[in-house]
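Here is how the chains run, residue by residue.
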Amino acid sequence: MNILILGSGGREHALAWAVLQNPKCDRLVVAPGNAGIAELAECAALDILDGAAVAEWACEESIDFVIVGPEAPLVLGVADTLRDAGLTVLGPSVAAARLEASKAFTKEICAAVGAPTAAHARFDDPDAARAYVADHPLPVVVKADGLAAGKGVTVAETREAAEAALADIFDGAHGTAEVVIEAFLQGEEASFFCLVDGEDVLSLGSAQDHKRVGEGDTGPNTGGMGAYSPAPVMTPEVERRALDEIVRPTMAEMARRGTPMRGVLFVGLMIAEGRPSLVEYNVRFGDPECQCLMMRLGGQALDLMLACAEGRLGEARVRWADDHALCVVMAAEGYPGPYAKGGAIGGLDAVAPDDGTTVFHAGTAMQDGRLVATGGRVLGVTARGETLRTARDRAYAAVDRIDWVDGFCRRDIGWRAL
Ligand code: AMP
Ligand code: GLY
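Residues numbered from 1 in each chain as written. Chains lettered and ligands numbered in written order. Predicted model: local features only at pLDDT ≥ 70, side-chain atom pairs only at ≥ 80, totals over all residues. Heavy atoms only, no water.

A. Representation of the site of ligand 1 in the model. As a structural note, the neighbourhood of ligand 1 is formed by 14 residues, with Lys-143, Glu-182, Leu-185, Glu-189 and Glu-280 the closest of them. In this structure, an oxygen atom belonging to ligand 1 sits 2.5 Å away from a side-chain N or O atom of Glu-189. Taking 470 Å² as the accessible area of ligand 1 by itself, protein coverage stands at 91%. Those elements giving two or more residues to the shell around ligand 1 turn out to be strand E7 (140-144), strand E9 (179-183) and strand E16 (275-282). Its residues assigned to classes, the shell around ligand 1 shows 8 nonpolar, no polar and 6 charged. (Near = heavy atom within 4 Å. Polar contact = N/O pair within 3.5 Å; in protein donor to acceptor, adjacent residues only side chain to side chain. Areas by Shrake-Rupley, 256 points an atom, 1.4 Å probe, with all protein chains shown as cover. Helix = DSSP H or I, 4+ residues; strand = E, 2+ residues; numbered from the N terminus. Nonpolar A, V, L, I, M, F, W, Y, C, P; charged D, E, K, R; others polar.)

B. Looking closely at the site of ligand 2. Residues in contact with ligand 2, as listed here, are Asp-209, Gly-223, Phe-266, Arg-284, Gly-286, Asp-287, Pro-288 and Glu-289. Contact distances for ligand 2 include 3.2 Å between a nitrogen atom and a backbone N or O atom of Gly-223. Protein contact buries 86% of the 200 Å² of open area that ligand 2 shows by itself. Looking at the shell around ligand 2 residue by residue, the classes come out as 2 nonpolar, 2 polar and 4 charged.

C. Fine view of the packing of aromatic side chains. Under the defined criterion, the tally for this structure stands at 5 aromatic pairs. Put simply, the rings of Phe-193, Phe-266 and Phe-285 pair up and form one aromatic cluster. (Phe/Tyr/Trp six-rings, centres within 6.5 Å; stacked < 30°, edge-to-face > 60°.)

D. Geometry of the pairing of strand E17 (residues 324-332). Summarising burial for E17: 9 of the 9 residues are buried, a large majority. Residues of E17 alternate between two faces, with His-324, Leu-326, Val-328, Met-330 and Ala-332 on one and Ala-325, Cys-327, Val-329 and Ala-331 on the opposite face, all of them buried. As paired elements, strand E14 (residues 226-229) and E17 share 4 bridges and run antiparallel to each other. The residue bridging Ser-229 from the neighbouring strand is Ala-325, located in E17. As defined by bridge partners, E17 adjoins strand E21 (residues 377-385) across 8 bridges and the pair is classed as antiparallel. Counted as the bridge partner of Val-329 is Gly-380 from E21. Where E17 and strand E22 (residues 407-408) come together, 2 bridges link them in antiparallel fashion. In the sheet register, Ala-331 faces E22, and the bridge partner there is Phe-408. (Buried < 20%, exposed > 50% of the residue type's maximum accessible area, 1.4 Å probe, protein only. Pairing = 2+ DSSP bridges.)

In structure tokens form, the structure reads like this:
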């Protein structure tokens, strides 16, 4: 098969790494890719937000299967354009991508089927929103309704913080003038991943992200500073409840409305006393959660994703090893604020892949024959092990061999489970 992956982050590097282990893959192209991906696959300079251009290129190159990594092309309808061109695609329609693009829409779907999620109200009028916040119990959660790359959510401990978050949103800081105000959910978070093809749902397992930049989960939110899989809080019983009470009913509701979900469903859960509630849906793999999932799934990931895209999910089975994976993100000093760019990265050759460790690249490029950092999140040092502790120790041993002056990482990835 000729396979095309759209995206350029650590998630797409991990997808490429897994797909290449499957003998069904003859040719792999990643668009646009990055310096790490270029070491193992062809990279094509396509504008992945331009569905027509990607479709034309993919048809000319006899691509058999397209995997869409990030959400941005999905919410623009790139998967629809590719399917209309006759291509086999992993990625939902623009109508199903509303599960990620609109928090208010997901709340409506949950309400229709009684799926547990935080009580909420939605406003486009600043005065009404302020009045609602004024007597809402604290903490209160204020969310810009739209795609905000993890930056549109404020968990406000005080009225002042809630009002500041509202002012920010109504000033247009997140490109939307709609706000969802939610009750605060207590508990422990986990990311649960499923493939969905209409009404068939296949669990791909769980992971836990570390969204805050600082150790002990302090400081501002980021895209994710590290992850591990599986998440112990996601017991078989919690998984069963999440599937029965949240995922299956909401996916059935999407199908009933004529907009079935087809693709990767990222279920953000808050779990308290064994009861999961939905925090959010995304319609793609998480980054860096994907790096851990791909380390654990290996080459079978391609078979599973293809079964999903071809509507054969009902017959697909995951072969699990009893293992753990952990990913440490190395970011550029300053991230998630303004950060240093262009610093040279060395030492990657000293990371031994036979030790169960792989360095997935995110924001990297080759400049004058040197590997340099070009993004905020730059490397995802990922290791597998028989225990979470072994995976963690391997990942940090690799981090310590990497020579990058402007880089930093959290030293406590996995702390909740360990
Ligand atoms: P979201 O973009 O909706 O996933 O929100 C980003 C993060 O904010 C989540 O991962 C949670 O850590 C936190 N969060 C969002 N909604 C709630 C809620 N209702 N209660 C507690 N924490 C929340
Ligand atoms: N790691 C969180 C996300 O991908 O949204």
